[in-house]
Amino acid sequence: MCFSTDIIHGGHTAIIQKAAALGELTIGMLTDEVVATYRRFPVLKYEERVKIIENIKGVSRVIPQNTLSHAENLRRLKPDYVVHGDNWVTGFQRPIRDEVIKILREYGGELIEYPYTKNEEYEKLELHQREQLAIPDMRRGRLKQLLAMKPLINAIEVHSGITGLIAEKTTVLQDGKTYQFDAMWSSSLCDSTAKGKPDIELLDMSTRLRTVDEIMDVTTKPIIVDGDTGGLTEHFVYNIRTLERMGVSATIIEDKTGLKKNSLFGADVEQTQDSIDNFCAKIAAGKAALKTKDFFLIARIESLILEKGMDDALVRAFAYVDAKADGIMIHSRQKDPAEIFEFCGKFRAKDTVTPLVVVPTSFNTVTEEEFARRGVNIVIYANHLTRSGFPAMQKTAEIILTNHRAKEADDMCMSINEIITLIPENY
Ligand code: SPV
Ligand code: MG
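Enquirer: Would you mind going over the packing of helix α11 (residues 205-217) against helix α12 (residues 233-246) with me for this structure?
Expert: The relative placement of two packed helices comes down to the angle between their axes together with the axis-to-axis distance. Look at α11 against α12: their axes get within 11 Å of each other, and the N-to-C directions meet at 10°. Here α12 runs roughly parallel to α11, going by the angle between their axes. For the pair formed by α11 and α12, the contact residues are Met205, Leu209, Val212, Asp213 and Met216 on the first element and Asn239, Thr242, Leu243 and Met246 on the second. Looking at the contact of α11 with α12 residue by residue, the classes come out as six nonpolar, two polar and one charged.

Enquirer: Just checking my understanding: could you explain the domain arrangement of the chain for this structure?
Expert: Much of the literature gives interface size as the accessible area that the parts lose upon coming together. If you check the domain split of the chain, you get domain 1 (2-122), domain 2 (136-382) and domain 3 (388-422). With centres defined by C-alpha atoms, the gap from domain 2 to domain 3 works out at 33 Å.

Enquirer: Where do I start with helix α5 (residues 94-107) in this structure?
Expert: Within an α-helix, residues lying three or four positions from one another point in the same direction, as the helix has 3.6 residues per turn. Between its terminal C-alpha atoms α5 stretches 21 Å, which fits the 20 Å expected from 14 residues at 1.5 Å a residue. Burial in α5 covers these residues: Ile96, Arg97, Val100, Ile103 and Leu104. Angular distribution of buried residues about the axis of α5 spans 125°; they occupy a single face of the element. Elements that come into contact with the buried residues of α5 comprise α4 (71-77), β4 (81-85), β5 (110-114) and β7 (172-174). Downstream of α5 by one or two residues, Gly108 has phi in the positive range, about 90°.

Enquirer: Would you take a moment to explain a nonpolar patch on the surface for this structure?
Expert: Where nonpolar side chains cluster on the molecular surface, the patch consists of Ile162, Ile166, Met414, Ile416, Ile419, Ile420, Leu422 and Ile423 and spans about 740 Å² of accessible area. Within the element layout of this structure, Ile423 appears in the segment after α18 (416-421).

Enquirer: I tried to follow unusual backbone geometry on my own but got confused; where do I start?
Expert: Trans is the prevailing form of peptide bonds, just as negative phi is the prevailing case for residues other than glycine. A positive phi angle, close to 50°, is found at Asp228, a residue other than glycine. Note on placement: Asp228 falls in the loop between β10 (223-226) and α12. Phi is positive for His404, which is not a glycine, with a value near 55°. What makes His404 exposed here is its relative accessible area of 71%.

Analysis parameters
- Residues numbered from 1 in each chain as written.
- Chains lettered and ligands numbered in written order.
- Predicted model: local features only at pLDDT ≥ 70, side-chain atom pairs only at ≥ 80, totals over all residues.
- Heavy atoms only, no water.
- Axes fitted to C-alpha atoms, helices over the stretch in contact; angles between N-to-C directions.
- Helix = DSSP H or I, 4+ residues; strand = E, 2+ residues; numbered from the N terminus.
- Parallel < 35°, antiparallel > 145°, perpendicular 65-115°, else oblique.
- Contact = heavy atoms within 4.5 Å.
- Nonpolar A, V, L, I, M, F, W, Y, C, P; charged D, E, K, R; others polar.
- Domains from an automatic or database assignment.
- Expected span 1.5 Å × (residues − 1).
- Buried < 20%, exposed > 50% of the residue type's maximum accessible area, 1.4 Å probe, protein only.
- Arc of directions from axis to C-beta.
- Patch = residues over 30% accessible without salt bridge, like charges linked within 9 Å, V, L, I, M, F, W, Y side chains within 5 Å.
- Areas by Shrake-Rupley, 256 points an atom, 1.4 Å probe, with all protein chains shown as cover.
- Salt bridge = Lys/Arg side-chain N within 4 Å of Asp/Glu carboxyl O.

Dropping the structure here:
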């Protein structure tokens, strides 16, 4: 059998008993990383879940299962039977089941499925676990936990409840492995764009926090907030505490000063970089204002954007780490990732621990695997839901205007049934 659950109820013990009656029962326990990428972050860690399940009557042993696919464990153990609920006959886990059947056939094993009974009480328990994950004190430290769990985590831009739900729920099954986004990025560019405003720190803090709150209301994943320049240090020390209290996991502030413009303009517009001393003082003040050890203050270096050179970027990186920044974000608007790679190599030669963050909007050919090899820990897809949603909406508007009716736009649109059921009533 395979298990991932962090809530054990009568439904589980009943199926365990039936499986145990067939012989010696081995449980493949899904690791935390797998659970987090196919369902939700486990409330109980792998070791805890193993301890609970190995003490249930009928369980002979518990072994790790490193993918949603059972292939590795099945080929190694060649069990006579695989026991599972019949809830995987349709839906997301169907290919996993097909693979199990194929492997069992190779050596003459058998799949035994028991009917899966929907139970409202058990569903309430699951809902309760999800709610737990959304509580600020539970959510805040999750970025730190993920960084300890995986060499590289990814985040996708969110700017509303609905984009938050996309970040929360989108799951892909590929070659027996499951993929979900680890975290969310509240982008200043996309929050401003959604409100039809330029990305120049024009949205005030209350407006930015309102968006973050709207997203947090319907999601459980950790959130990294784009803090722009952090503003005046005297204001930043208050704002960083508000973010921490809300359950945000990190903020990234960039070393610019005065009227900030979006980095992707680069040196085409006038932008001023802060002095190292001033920015270090801002980092130190922000860190001193924090109340927990869970919240990350990440310093973002604009030297490559502003064409100040690699040496300047590196000097700043080490200074910001000395000022106690919890991470470094290096930004570039070059299509060629060479300067990002050079920075990562030179930074990692001296500092192997401080998390490194990149935003590959321009250098978008680099895979996460390659970033991980270069020592990057967080990859942020900073604007992609905005950039993909906008052309779809614009095209639909044009089609309606062209045809003087909406029928021709139907193919571009979700069905009415899908839209009215998109949001479950008791999320
Ligand atoms: C944002 O998403 O608002 C960012 C990243 O700050 S960038 O737009 O590349 O500057
Ligand atoms: Mg920004």
